[in-house]
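A closer look at the structure
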Amino acid sequence: VAAGSMPPWMPSDDCNGHHFVGDLSLTAEQKAVFAAWADGGFALGDASDDPGGTPPTLPSLPSVSDTLDAGADYTARNDLADEYRCFILDPGNTQTEHLVGYDIRPGAPSVVHHVILFKADRDAALARDAQDAADFGWQCFGASDVDGSTFEDTLAAWAPGAGATSFPAGTGLALAEHEVIVMQVHYNTQAVTTVPPDRTEVLLQYATGPVTAARMI
């Protein structure tokens, strides 16, 4: 917290006058609260101060154009503390669509650490999948490990606690008819004794009118 790496927020607060939506950085006063708590031994506080109630409702998409999954369950390897697995999600689009929102729902929340979606050429993705024909999906780290695809082909990302994400109004990410989505799932199995099967689901919202092409940074 003192170094500014938690909560993670990399964009500069002096970016030619631009201010970013969803700024997670803490004020000096907020950092001081954490520092005082740490210096005091991380005291639990008074249980009578608990306001009770229910957790806030996560945001949802205003509409869903398509719902995709990998087509089968996958059970992460229990001999790996961390496994990065890629799966093809094929929307089967007949024209270029522009993604304006998404919602990623893990099938096994106890082991799904985070999810990243990449776009990739369909034939190239199928060729990569065929290299590990005996297994469902393929091992991947960083980007999708599909020939010709880079980290700049990122479409979406999810981590625990996140609900649906809607892009700024009037913007979208293009997904061409020859492209598929490669879903990279990071599994961490350290907290479970028996690894549950996972079938993470992806909800997509496409633009219904013209949008300005955006890019993920």
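Residues numbered from 1 in each chain as written. Predicted model: local features only at pLDDT ≥ 70, side-chain atom pairs only at ≥ 80, totals over all residues. Heavy atoms only, no water.

Next up on the list: the overall build of the protein. Secondary structure summary: the protein contains two helices and eleven strands in total. When the elements of the protein are put in sequence order from the N terminus, they spell out α-β-β-β-β-α-β-β-β-β-β-β-β. Counting every position in the protein, which comprises 217 residues, the buried fraction comes to 34%. Relative to all contacts within the protein whose residues are 6 or more apart in sequence, the contacts with residues 24 or more apart total 84%. Total accessible area computed for the protein in this model is approximately 13100 Å², and 56% of it derives from carbon and sulfur atoms. For the protein, the distance from the average position of its 9 positive side-chain charges to the average position of its 30 negative side-chain charges is 5 Å. (Helix = DSSP H or I, 4+ residues; strand = E, 2+ residues; numbered from the N terminus. Buried < 20%, exposed > 50% of the residue type's maximum accessible area, 1.4 Å probe, protein only. Contact = heavy atoms within 4.5 Å. Areas by Shrake-Rupley, 256 points an atom, 1.4 Å probe, with all protein chains shown as cover. Lys, Arg positive; Asp, Glu negative; His and termini not counted. Charge placed at Lys NZ, Arg CZ, Asp CG, Glu CD.)

Below, the discussion takes up unusual backbone geometry. Cis rather than trans, the peptide bond between M6 and P7 has omega equal to -5°. Looking at the element boundaries, P7 is found in the segment before α1 (28–39). At F42, a position not held by glycine, the phi torsion is positive, near 60°. For F42, the location among the structural elements is in the loop between α1 and β1 (66–68).

The tally for this structure, following the rule as stated, stands at eight salt bridges. Among the ionic pairs, D69 bridges to R199, the shortest N-O distance being 3.4 Å. Taken as a pair, D69 in the loop between β1 and β2 (82–89) and R199 in the loop between β9 (179–188) and β10 (201–206) lie far apart in primary sequence, 130 residues in all. With relative accessibility at 29%, the residue D69 sits in the partly exposed group. On the basis of relative accessibility, which here comes to 37%, the residue R199 falls in the partly exposed class. The closest approach of N and O atoms between D79 and R77, which form a salt bridge, is 2.9 Å. With relative accessibility at 53%, the residue D79 sits in the exposed group. Among the residues examined, R77 registers a relative accessible area of 38% and is labelled partly exposed. Several salt bridges converge on common partners, so that one network encompasses R128, D132 and D145. (Salt bridge = Lys/Arg side-chain N within 4 Å of Asp/Glu carboxyl O.)

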